Amino acid sequence: CKLNTQNLYQISKQVAVPQYNRSSIKASIVHVGIGGFHRAHQASYIDRLLHQESITDWGICGVALLDFDIKIYNTLKEQDGLYTLIIKELDGSLTKRVIGAIVEYLFAPNNPLVVIEKMASPEVRIITLTITEGGYNYNEATSDFDVNNPLIKYDVEHPQAPKTIFGYLTQALKLRKKRGLLGCTIQSCDNIQGNGDVTKKMLLSYVQLAEPELTEWIESNVSFPNSMVDRITPATSSLDIANLKEVSGIEDGWPVVCESFEQWVIEDNFITGRPAWETVGAQFVEDVAPYERMKLRLLNAGHSVLGILGALMGYSTIDEAANNNAISSFLRIYMDTEVSPLLSDLKGVNLEGYKKSLLQRFGNEYIKDQIDRICSESSAKIPIFILPTVYAQLKRRSSIAHAAFLIAAWAIYSLGENEAGDNLLIKDGMKGLLYEKALLSKKDPKVFLEIASVFGKLKESETFVQVYTKSYQNIVKYGVEKSILTMNNKML
Ligand code: NAD
């Protein structure tokens, strides 16, 4: 039957449903960007929290900010904010749960003032965001706010009908100040290094343009905690929707699928209070940076390794690459010999267990994460995920063999063909330049390292250039798999 409040009892005979009284829950969190990840991560933590009897705060008001979001808005509206979370376990079994944490939902383009009023209302204490990296409006090269974005100019001129998150937040905070209300917390849950710091910097840059007299009030009344978020959430497929209906009899217009692993490490900096997320699995720490470093250099770097090597070998999903023995032992050796020595001990984290679970997660054949998605924008990812490891290893005169091999593979990948001669779908803002340099690298591999906005001064390291060049030649001569096997055998 159709998923909605009225049918919940019927549905509860098939899958777990919210056991709390949703109509008594106050929406004191506004969340912007009710895409797959928010619904698999934060909303699922909140759903568990709301099962604690005493809690009636901390429901979520979901905001869809873009015109494009009309479909998810309509779906949630028809389903009274309910949706099914389908967790794909490692053994292929599915754990399904109806999530009730989103108790209100607003579509901003239809009525921007209602969204501004909601964000400014006294009951709202936290505004959370998953608006993707692109939503933060920063210039990749300078890391500054992009003041030339026409949407930003539009928002400055139309404060009552903004189009970007910055227009909304600024007007809501202005109202809070005017009405003598408390400030609030603005918490980014996007995959960005220092996501709270970036949000603050970008918002204050916008405020300087639009409402400069608000700056001081924000500095003292709004907090921006950093956080590290993790749960692999691929896009929902029509097959997922059909299976849910067939197996559990639930007609859900937009369920969310994800892996069972979840992690949320948060800086405890909530100026007007927060939910006890630690009671449902989140971890509060003073400094998120080392956790983030571990995740970026192991999980995200691991994704790049599997994606680039896997693409060259003709695979199309991450699990296929992770289940190739040569690639998986390459990744394991990379993690152990080049990354782990640089990571400090972290409270609550068993590094060995973390790496082991990563390999299992990558290998989950039910998740089917697309290699094209993982390799997209590698020119922005490699400098964050891989190169810091290289610089640090060079400094301590330790191995860079696997990282150099990966960069060599990336140079060959950038030619746009896999080893069987089939076209690769490369989505990258620097695609043209990458191709140009990749072509010249066929004669002289180190030309690829001349892309300064990616590699900085790496080409000046003789050690790196030597190992990289040798790897490049090996891949051309023997192919990825054979080259890796030779390397692995030497290491084992
Ligand atoms: P999605 O495509 O399902 O949803 C994206 C959401 O972002 C939509 O609600 C959309 O309206 C909103 N959005 C996009 N651009 C925006 C903009 N300019 N302004 C305001 N809102 C905007 O994607 P998702 O899987 O939910 O991922 C969203 C983000 O979550 C990622 O970019 C990443 O930072 C983070 N994340 C995702 C995963 C994952 O596995 N999917 C894991 C960790 C973190």
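Counting starts from 1 at the beginning of each chain's written sequence and moves along it residue by residue. With pLDDT at 70 or above as the cut-off, local features in this predicted model cover only qualifying residues; side-chain atom pairs require 80 or more to be listed or tallied, and sums for whole chains, interfaces and linings still use all residues. Side-chain metrics rest on all non-hydrogen atoms present in the structure, leaving aside hydrogens and water.

Okay, the overall build of the protein next. Counting from the N terminus, the helices are the DSSP runs of H or I reaching at least four residues and the strands are the DSSP runs of E reaching at least two. When its secondary structure is counted, the protein shows 22 helices and twelve strands. Here the C-alpha atoms of the protein give a radius of gyration of 24 Å, agreeing with the 23 Å that 2.2 N^0.38 yields for 492 residues. Considering only C-alpha atoms, the protein reaches an extent of 65 × 55 × 40 Å along its principal axes. Within the protein, the proportion of its 492 residues that are buried is 55%. When checking whether two residues touch, look at their non-hydrogen atoms; a contact exists if any pair is within 4.5 Å. Contacts in the protein between residues far apart in sequence, at least 24 positions, make up 76% of those at least 6 positions apart. Shrake-Rupley sampling with a 1.4 Å probe provides the accessible areas, and residues are treated as covered by the protein chains on show and by no other component. For the protein, the accessible area works out to roughly 21400 Å², and carbon and sulfur atoms hold 51% of it. By the counting scheme adopted, Arg and Lys are positive, Glu and Asp are negative, and His together with the chain ends is not counted. We put the charge of a Lys on NZ, of an Arg on CZ, of an Asp on CG and of a Glu on CD. Charge separation in the protein, taken as the distance between the mean sites of 51 positive and 57 negative side-chain charges, equals 2 Å. We take the radius of gyration over the C-alpha atoms and set the globule estimate at 2.2 Å times the residue count to the 0.38 power. Categorising residues by exposure relies on relative accessible area from a 1.4 Å probe, with only protein chains included: less than 20% of the type maximum marks a residue as buried, more than 50% marks it as exposed, and the intermediate range marks it as partly exposed.

With that out of the way, let us pick up the environment of Arg 396. Tracing the backbone through its elements, the reader meets Arg 396 in the loop between α17 (387-395) and α18 (401-413). A relative accessible area of 40% means that Arg 396 is categorised as partly exposed. As a C-alpha pair, Arg 396 and Leu 342 span 54 residues in sequence and 9.8 Å in three-dimensional space. Not counting chain neighbours up to four residues away, the residues in contact with Arg 396 comprise Pro 341 and Leu 342.

So, on to the nonpolar core. Core analysis: the largest hydrophobic core is formed by 71 residues, its most contacted members being Leu 309, Ile 386, Phe 455 and Tyr 468. With twelve residues, helix α11 (residues 289-312) is the largest single contributor of residues to this core. When residues of this core are sorted by domain, at least three fall in each of domain 1 (5-285) and domain 2 (289-491). Among residues more than four places away in sequence, those in contact with Ile 386 are Ala 301, Tyr 334, Lys 381, Ala 403, Leu 406 and Ile 407. Core analysis: the next-biggest nonpolar cluster, separate from the first, contains 40 residues, Leu 129, Leu 169, Ala 172 and Val 198 among them. Among the buried residues, those of types Ala, Val, Leu, Ile, Met, Phe, Trp, Tyr and Cys that are joined through side-chain atoms within 4.5 Å form a nonpolar core. Delimitation of the domains relies on an automatic or database domain assignment.

In these notes, residues near a molecule or strand are those with any non-hydrogen atom within 4 Å of it. Around the ligand, a shell composed of 19 residues is seen, among which Phe 37, Asp 69, Asp 190, Asn 191 and Thr 233 lie nearest. Between the ligand and Thr 130, the relevant distance is 3.2 Å, taken from an oxygen atom to a main-chain nitrogen or oxygen of the residue. Here a polar contact is recorded for every N or O atom pair within 3.5 Å, except that within protein the pair must consist of a potential hydrogen donor and a potential acceptor, and residues adjacent in sequence are included only if both atoms are side-chain atoms. Asp 190 is positioned such that a nitrogen or oxygen atom in its side chain is 2.8 Å from an oxygen atom of the ligand. If the ligand stood free it would expose 820 Å²; the protein chains cover 77% of that surface.

What follows is about the domain arrangement of the protein. Domain boundaries assigned for the protein yield domain 1 (5-285) and domain 2 (289-491). For domain 1 versus domain 2, the separation of C-alpha centres amounts to 32 Å. When domain 1 packs against domain 2, close to 1800 Å² is buried across both sides, 58% of that on carbon and sulfur atoms. Accessible surface is computed with a 1.4 Å probe, and the buried area is the amount of it that two parts give up when combined, taken over both parts together. It is Leu 90, Met 228 and Ile 232 in domain 1 that bury the most area against domain 2; as a group they hold 30% of the surface buried on that side. Any carboxyl oxygen of Asp or Glu within 4 Å of a side-chain nitrogen of Lys or Arg constitutes a salt bridge here. Run the count over domain 1 and domain 2 and you get two salt bridges. Along the contact surface separating domain 1 from domain 2 lie eight residue pairs in polar contact (both at pLDDT 80 or more). Residues are grouped as follows: Ala, Val, Leu, Ile, Met, Phe, Trp, Tyr, Cys and Pro are nonpolar; Asp, Glu, Lys and Arg are charged; every other residue, Gly included, is polar. Residues that form the side of domain 1 that touches domain 2 fall into these classes: ten nonpolar, eight polar and six charged.

Any pair of aromatic rings gets described here by the distance separating the centres and the angle formed by the planes. Each pair of aromatic rings taken from Phe, Tyr and Trp, with Trp reduced to its six-membered ring, is defined by centres within 6.5 Å and is described as stacked if the planes are under 30 degrees apart, edge-to-face if over 60, and tilted in the remaining cases. On inspection of all chains with the given rule, the structure shows 14 aromatic pairs. Ring geometry for Tyr 73 and Phe 107: centres 5.4 Å apart, planes at 25°, overall stacked. Here Tyr 73, found in helix α4 (residues 70-78), pairs with Phe 107, found in strand β5 (residues 102-107); they are 34 residues apart in sequence, far enough to count as distant. Here Tyr 73 matches Phe 107 in class, with each residue buried.

Summarising the element assignment, Asn 364 is placed in the loop between α14 (351-362) and α15 (371-375). A distance of 2.9 Å separates a polar side-chain atom of Asn 364 from the backbone nitrogen of Tyr 366. Residue contacts for Asn 364: discarding those within four places in its chain leaves Lys 88, Glu 89, Leu 90 and Asp 319.

Of note in the backbone geometry, Trp 58 takes a positive phi value of approximately 70° without being a glycine. Within the secondary structure, Trp 58 is located in the loop between α3 (42-50) and β2 (60-64). A relative accessible area of 7% means that Trp 58 is categorised as buried. Phi at Lys 368 takes a positive value of approximately 55°, unusual for a residue other than glycine.

Inspection of the secondary structure assignment puts Arg 297 in helix α11. On the basis of relative accessible area, Arg 297 is assigned to the buried category, the value being 14%. Between the C-alpha atom of Arg 297 and that of Thr 389, which follows or precedes it by 92 residues, the distance is 7.4 Å. Ignoring anything within four residues of it in the chain, the contact list for Arg 297 reads Tyr 334, Val 339, Leu 342, Phe 385, Pro 388 and Thr 389.

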